[in-house]
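A structural walkthrough
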Amino acid sequence: MAATFKFYLREDRPNSKGECPIVLKITYNRKRKYSSTGLRIKPRHWHEDNQRVRRSHRQYVKLNDTLDIIEEEAKGAYRDLRVQQTVSADGIKRRIENSSTENFFELAKEYQREIKSKSFYTWKQNRVAINKVKKFH
(Lines give C-alpha, C1' and ligand atoms only; values in the text may rest on other atoms or scores of the structure.)
Protein backbone atom coordinates (compact mmCIF):
# COMPACT_ATOMS: atom_id res chain seq x y z
CA MET A 1 0.00 0.00 0.00
CA ALA A 2 1.33 3.42 -0.93
CA ALA A 3 1.38 6.48 1.26
CA THR A 4 -0.54 9.59 0.23
CA PHE A 5 0.41 13.19 0.94
CA LYS A 6 -2.13 16.01 0.79
CA PHE A 7 -1.97 19.63 1.84
CA TYR A 8 -4.93 21.35 3.35
CA LEU A 9 -5.73 24.58 5.10
CA ARG A 10 -6.73 24.45 8.79
CA GLU A 11 -9.43 27.09 8.64
CA ASP A 12 -10.43 26.29 12.21
CA ARG A 13 -7.09 27.70 13.49
CA PRO A 14 -6.79 31.29 12.23
CA ASN A 15 -4.39 33.68 13.95
CA SER A 16 -5.13 37.32 14.78
CA LYS A 17 -4.39 38.35 11.16
CA GLY A 18 -6.88 35.82 9.78
CA GLU A 19 -4.14 33.56 8.38
CA CYS A 20 -4.63 29.80 8.67
CA PRO A 21 -1.86 27.16 8.80
CA ILE A 22 -1.16 24.86 5.86
CA VAL A 23 -0.83 21.26 7.06
CA LEU A 24 0.49 18.13 5.35
CA LYS A 25 -1.73 15.09 5.88
CA ILE A 26 0.20 11.81 5.68
CA THR A 27 -1.89 8.68 5.17
CA TYR A 28 -0.48 5.15 5.21
CA ASN A 29 -2.41 1.96 5.84
CA ARG A 30 -5.51 4.02 6.74
CA LYS A 31 -3.62 5.77 9.54
CA ARG A 32 -3.24 9.54 9.39
CA LYS A 33 -0.66 11.91 10.79
CA TYR A 34 -0.51 15.65 10.37
CA SER A 35 2.64 17.70 9.99
CA SER A 36 2.78 21.47 10.11
CA THR A 37 4.47 23.16 7.17
CA GLY A 38 5.08 26.35 9.11
CA LEU A 39 3.26 28.34 6.42
CA ARG A 40 0.15 30.49 6.96
CA ILE A 41 -2.10 32.21 4.45
CA LYS A 42 -5.58 33.67 4.32
CA PRO A 43 -8.28 31.24 3.19
CA ARG A 44 -9.12 33.28 0.09
CA HIS A 45 -5.61 32.54 -1.29
CA TRP A 46 -5.90 28.73 -0.95
CA HIS A 47 -6.96 26.55 -3.91
CA GLU A 48 -8.48 23.44 -2.34
CA ASP A 49 -8.53 21.27 -5.48
CA ASN A 50 -4.91 21.92 -6.46
CA GLN A 51 -3.69 21.99 -2.84
CA ARG A 52 -1.62 25.04 -3.62
CA VAL A 53 -1.60 28.80 -3.08
CA ARG A 54 -3.58 30.83 -5.63
CA ARG A 55 -1.96 33.37 -7.92
CA SER A 56 -3.81 36.11 -6.08
CA HIS A 57 -1.22 35.87 -3.27
CA ARG A 58 1.82 38.07 -3.87
CA GLN A 59 4.31 35.33 -2.92
CA TYR A 60 2.48 32.37 -4.46
CA VAL A 61 5.54 31.11 -6.39
CA LYS A 62 7.74 30.99 -3.30
CA LEU A 63 5.05 29.36 -1.16
CA ASN A 64 4.20 26.76 -3.79
CA ASP A 65 7.89 25.94 -4.23
CA THR A 66 8.17 25.44 -0.47
CA LEU A 67 5.15 23.10 -0.55
CA ASP A 68 6.77 21.16 -3.41
CA ILE A 69 9.98 20.77 -1.38
CA ILE A 70 8.04 19.56 1.68
CA GLU A 71 6.14 17.05 -0.46
CA GLU A 72 9.37 15.74 -1.99
CA GLU A 73 10.92 15.36 1.47
CA ALA A 74 7.88 13.35 2.56
CA LYS A 75 8.08 11.13 -0.52
CA GLY A 76 11.80 10.64 0.04
CA ALA A 77 11.19 9.66 3.68
CA TYR A 78 8.54 7.19 2.51
CA ARG A 79 10.96 5.63 0.00
CA ASP A 80 13.71 5.33 2.64
CA LEU A 81 11.38 3.70 5.15
CA ARG A 82 9.99 1.37 2.49
CA VAL A 83 13.52 0.14 1.73
CA GLN A 84 14.06 -0.48 5.45
CA GLN A 85 10.60 -2.12 5.62
CA THR A 86 9.57 0.04 8.56
CA VAL A 87 6.96 2.27 6.93
CA SER A 88 4.35 3.98 9.08
CA ALA A 89 2.61 7.34 8.95
CA ASP A 90 4.24 8.28 12.25
CA GLY A 91 7.67 7.26 10.95
CA ILE A 92 7.27 9.44 7.87
CA LYS A 93 6.19 12.37 10.06
CA ARG A 94 9.20 11.92 12.35
CA ARG A 95 11.56 11.79 9.35
CA ILE A 96 10.08 14.99 7.96
CA GLU A 97 10.33 16.79 11.27
CA ASN A 98 13.92 15.54 11.81
CA SER A 99 13.21 13.98 15.17
CA SER A 100 15.03 10.71 14.65
CA THR A 101 17.36 9.37 17.33
CA GLU A 102 20.52 10.07 15.30
CA ASN A 103 19.63 13.76 15.17
CA PHE A 104 19.10 13.88 18.94
CA PHE A 105 22.57 12.55 19.65
CA GLU A 106 24.15 14.92 17.13
CA LEU A 107 22.33 17.81 18.77
CA ALA A 108 23.48 16.61 22.19
CA LYS A 109 27.12 16.50 21.02
CA GLU A 110 26.85 20.04 19.70
CA TYR A 111 25.32 21.23 22.96
CA GLN A 112 28.09 19.50 24.91
CA ARG A 113 30.73 21.38 22.89
CA GLU A 114 29.00 24.69 23.62
CA ILE A 115 28.69 24.28 27.37
CA LYS A 116 32.12 22.71 27.99
CA SER A 117 33.84 26.09 27.93
CA LYS A 118 31.18 27.75 30.09
CA SER A 119 30.71 25.34 32.98
CA PHE A 120 32.58 22.12 33.62
CA TYR A 121 30.05 20.74 36.12
CA THR A 122 27.08 21.36 33.84
CA TRP A 123 28.98 19.66 31.02
CA LYS A 124 29.76 16.68 33.28
CA GLN A 125 26.13 16.28 34.40
CA ASN A 126 24.87 16.50 30.83
CA ARG A 127 27.43 13.96 29.66
CA VAL A 128 26.23 11.46 32.25
CA ALA A 129 22.58 12.01 31.31
CA ILE A 130 23.27 11.65 27.58
CA ASN A 131 25.26 8.46 28.14
CA LYS A 132 22.35 6.99 30.13
CA VAL A 133 19.95 7.83 27.29
CA LYS A 134 22.35 6.20 24.78
CA LYS A 135 22.60 3.10 26.93
CA PHE A 136 18.82 2.90 27.23
CA HIS A 137 18.38 3.40 23.49
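Refer to the structure printed above.
A brief structural summary. Keep in mind it's a predicted model, so treat the numbers as computed, not measured.

1. Observations concerning the side chain of Ser35
Relative to the helices and strands, Ser35 resides in strand E3 (residues 31–41). At 3.2 Å, the side chain of Ser35 and the side chain of Glu97 are in polar contact. Sequence-distant contacts of Ser35, defined by excluding residues within four places in its chain, comprise Val23, Leu24, Ile26, Lys93, Ile96 and Glu97.

2. Some thoughts on the packing of aromatic side chains
Geometrically, a pair of aromatic rings is defined through the distance of the ring centres and the angle of the planes. Inspection of every chain in the model, using the stated rule, returns four aromatic pairs. A centroid spacing of 6.0 Å and a plane angle of 75° characterise the contact between Tyr8 and Tyr34, whose relative ring orientation is edge-to-face. Of this pair, Tyr8 sits in strand E1 (residues 4–9) while Tyr34 sits in strand E3, placing them 26 residues apart in sequence. On the basis of relative accessible area, Tyr8 is assigned to the partly exposed category, the value being 22%. Relative accessible area serves as the criterion here: at 37%, Tyr34 is assigned to the partly exposed category.

3. Description of the pairing of E1
Only one face of E1 is buried: it carries Phe5, Phe7 and Leu9, and the other face, with Thr4, Lys6 and Tyr8, is open. Summarising the sheet, E1 and strand E2 (residues 20–28) pair through six bridges and their orientation is antiparallel. Across the sheet, residue Phe7 finds its bridge partner in E2, namely Leu24.

Parameters at a glance
Each residue is numbered by its place in its chain's sequence as written, counting from 1. At least 70 in pLDDT is required for a residue's local features to be given in this predicted model, at least 80 for side-chain atom pairs to be given and counted, and no such filter applies to totals for whole chains, interfaces and linings, which use all residues. By convention in this description, side-chain values take in all heavy atoms of the structure and omit both hydrogens and water. Strands are runs of DSSP state E lasting at least two residues, helices are runs of H or I lasting at least four, and both sets are numbered from the N terminus onward. For the purposes of these results, a polar contact is taken to be a pair of N or O atoms within 3.5 Å, where, inside protein, one atom must be able to donate a hydrogen and its partner to accept one; residues adjacent in sequence count only when each atom of the pair is a side-chain atom. Any pair of residues with heavy atoms lying within 4.5 Å of one another is described as a contacting pair. Pairing of aromatic side chains here covers Phe, Tyr and the six-membered ring of Trp, requires ring centres within 6.5 Å, and sorts the geometry by plane angle: under 30 degrees stacked, over 60 edge-to-face, intermediate tilted. Any residue under 20% of the maximum accessible area for its type is buried, any over 50% is exposed, and the rest in between are partly exposed; the area is computed with a 1.4 Å probe on protein chains only. Paired strands, in this sense, are two strands between which DSSP finds at least two bridges.

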